[in-house]
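# Reading the structure
Here are the chains, one letter per residue:
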Amino acid sequence: MVLSTQTSATTLDGAALRRDFPILNQPQPEGRPPLAFLDSAASSQKPEQVIQAIDTYYRTINANIHRGVYELSEAATAAYEAARQTMATFLNARQARECIFVRNTTEAINLAANAWGRSNLTANDRIVLTVMEHHSNLVPWHMLREEIGFSIDYIPLTDDHQLDMTVYAQLLEQKPKLVGFAHVSNAIGALNDVAAMTRMAHDAGAAVLVDAAQSVPHMPVDVQALDVDFLALSGHKMVGPMGSGVLYGKRELLEAMPPYMGGGSMIRKVTLDGTTFADIPARFEAGTPAVADQVGLAAAADYLTAVGLEAIREHELELLDYAMEQLPSVPHLTMYGPEDLSKRSGVISFTLGSIHPHDVAAILDGENIAVRAGHHCAQPLMAALGVVATTRASFYMYNTRDDVDRLVAGLHKANEVFGQV
Ligand code: PLP
């Protein structure tokens, strides 16, 4: 097992950070242990600082934005646009207008697929995706393919559950128009080399879309350093509110794209004969946006920056390393994902002998340990692994070695309850 070595990260105290997250400190019924929350890959918990930002917004700033001439509306507009600037700085985008506010990663990818895909893909084109994608980076492309008729090739997995770079290089020889892939797999935690894959794609003339739902919350992500063309993220996975998110796109690509949805706020002029459209980012933000949620997202980005993304990554790798030492003591456990921990995030996906993953999760819930079980919206990946479902434990900054110990004890208990010795 190889443990990645970070140089500049400072040590992070998961137990101390936990105090920022009210939900993790709720009193439990008599005899029930504290919540071991190991499901942050599905959605993270929210710190006081984010909850406060939303509360303050609604108590002191709330009004519809961009069209009011009164002070409160101007304050709300300023808060919304400041949130955009915060997200641009957080991702190191060149300009704030390269960050389009959306509800989540799913909407971000649908926006890119519909606006970029519709104006760039024809029936003779190819795109490349991977077998480890979340459904949200598969289904929008399948739907568009139904209409346009382009071809989709998929990068398969190696035996070590990483993307097969040899096949990727071969697929690029067919000159795809776009390569789309997850930075980190939500289902097995595989961490893909975005910079290298992007360089290869660009050399072959393809644009690159990265699904960063599982990376941006857990490690530094710099869109200029990675040179990606599009990058999608969800606020709710990075200690921000549900209903917040960003599609980053390079300015020149966004400016050349037609709108995705039509309505108020995204127009320059409307007559009965037709419509002309606003510049970016407004062109892609039809209707009243989730202002308070995007303000909360900016507070989340500030929180992550204050804690330190390198420290978060280091902490999660340390927990992963510890878990990999402890988990082999559990009989019948099969784990999925790369062996090399430097090629993983803090996600552990496993099966436990013949016990159904849902039953494993239910036994763990009995111990107040929250994990996820199922196909993780990655059915093609499950098929490639030869399983229908797994149980998944995922770490974040507020997890501790104690959570790992409880997970291991819970899995021993599941074996006992199901008579697996
Ligand atoms: N992509 C990945 C890798 C994910 O893990 C998820 C959510 O689990 C998504 C996309 C979809 O995110 P959302 O449901 O916030 O749109």
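Residues numbered from 1 in each chain as written. Predicted model: local features only at pLDDT ≥ 70, side-chain atom pairs only at ≥ 80, totals over all residues. Heavy atoms only, no water.

A count of helices and strands for the protein gives 14 helices and 15 strands. Against the compact-globule benchmark of 22 Å for 421 residues, the protein has a radius of gyration of 22 Å, which places it among compact chains. For the C-alpha atoms alone, the extent of the protein along its principal axes is close to 75 × 55 × 40 Å. By the burial criterion, 56% of the 421 residues in the protein qualify as buried. Here the contacts in the protein between residues at least 6 apart in sequence split such that 72% fall between residues at least 24 apart. Entry remark: accessible area of the protein is about 17,300 Å², with carbon and sulfur atoms responsible for 52%. Placing the 30 positive and 48 negative side-chain charges of the protein at their respective mean positions leaves the two points 5 Å apart. (Helix = DSSP H or I, 4+ residues; strand = E, 2+ residues; numbered from the N terminus. Rg over C-alpha atoms; globule rule 2.2 N^0.38 Å. Buried < 20%, exposed > 50% of the residue type's maximum accessible area, 1.4 Å probe, protein only. Contact = heavy atoms within 4.5 Å. Areas by Shrake-Rupley, 256 points an atom, 1.4 Å probe, with all protein chains shown as cover. Lys, Arg positive; Asp, Glu negative; His and termini not counted. Charge placed at Lys NZ, Arg CZ, Asp CG, Glu CD.)

Quick look at the packing of aromatic side chains now. Here the structure, examined in full by the defined rule, presents five aromatic pairs. Between the aromatic rings of phenylalanine 21 and tyrosine 398, the centroid separation amounts to 4.8 Å while the plane-to-plane angle is 65 degrees, which identifies the pairing as edge-to-face. Remark: tyrosine 398 occurs in the loop between strand S15 (390–394) and helix H14 (401–417) and phenylalanine 21 occurs in the loop between helix H1 (14–18) and strand S1 (36–37); sequence separation between them is 377 residues. Residue phenylalanine 21 shares its accessibility class with tyrosine 398, and that shared class is buried. For tyrosine 398, a relative accessible area of 0% puts it in the buried group. By way of ring pairs, the aromatic residues Phe21, Tyr303, Tyr396 and Tyr398 are connected into one cluster. (Phe/Tyr/Trp six-rings, centres within 6.5 Å; stacked < 30°, edge-to-face > 60°.)

Attention now goes to the site of the ligand. Neighbouring residues of the ligand: Asn104, Thr105, Thr106, His134, Ser136, Asn186, Asp211, Ala213, Gln214, Ser234, His236 and Lys237. At 2.6 Å, a side-chain N or O of lysine 237 approaches an oxygen atom of the ligand. Compared with its free state, where it exposes 390 Å², the ligand has 88% of that area covered by protein. Judged by the fraction of its atoms near the pocket grid, the ligand is located in the largest pocket. When the residues that make up the shell around the ligand are grouped by side-chain class, the tally is one nonpolar, nine polar and two charged. (Near = heavy atom within 4 Å. Polar contact = N/O pair within 3.5 Å; in protein donor to acceptor, adjacent residues only side chain to side chain. 1 Å grid on protein atoms, 1.4 Å probe; cavity = no way out; pocket = protein on both sides within 12 Å on 5 of 7 lines; lining within 4 Å. Sits in = over half its atoms within 2 Å of the grid points. Nonpolar A, V, L, I, M, F, W, Y, C, P; charged D, E, K, R; others polar.)

Most of strand S7 (residues 230–234) is tucked away, with five of its five residues classed as buried. Burial along S7 is two-sided: the residues Phe230, Ala232 and Ser234 and Leu231 and Leu233 are all buried. Here S7 pairs with strand S8 (residues 245–249) via five bridges, running antiparallel. Bridge pairing in S8 links serine 234 to glycine 245. (Pairing = 2+ DSSP bridges.)

The interhelical angle for the contact between helix H3 (residues 71–91) and helix H10 (residues 291–307), taken along N-to-C directions, is 35 degrees, at an axis separation of 9 Å. In this structure, the crossing between H3 and H10 has a hand that is left-handed. Residue-level inspection shows Ala76, Ala79, Tyr80, Ala83, Thr86, Met87 and Phe90 of H3 in contact with H10, the latter providing Val291, Gln294, Val295, Leu297, Ala298, Ala301, Asp302, Leu304 and Thr305. Looking at the contact of H3 with H10, its residues break down into twelve nonpolar, three polar and one charged. (Axes fitted to C-alpha atoms, helices over the stretch in contact; angles between N-to-C directions. Left-handed = near helix turned anticlockwise from the far one by under 90°.)

Strand order in the open sheet made by the seven strands is S2-S8-S7-S6-S5-S3-S4, with mixed pairing throughout. Where the open sheet ends on each side, the last strands, each with one partner, are strand S2 (99–102) and strand S4 (151–155). Geometrically, the sheet is characterised by an average inter-axis angle of 20 degrees between neighbouring strands, direction not taken into account. Here strand S3 (residues 126–130) pairs with S4 via five bridges, running parallel. Its bridge partner lying in S4, arginine 126 is registered against serine 151. In the packing of H3 onto the sheet, contacts are made with S2, S7 and S8, and the angle to S2 comes to roughly 120 degrees. Across the face of the sheet, helix H4 (residues 105–120) comes into contact with S2, strand S5 (178–182), strand S6 (207–211), S7 and S8 while running at roughly 155 degrees to S7.

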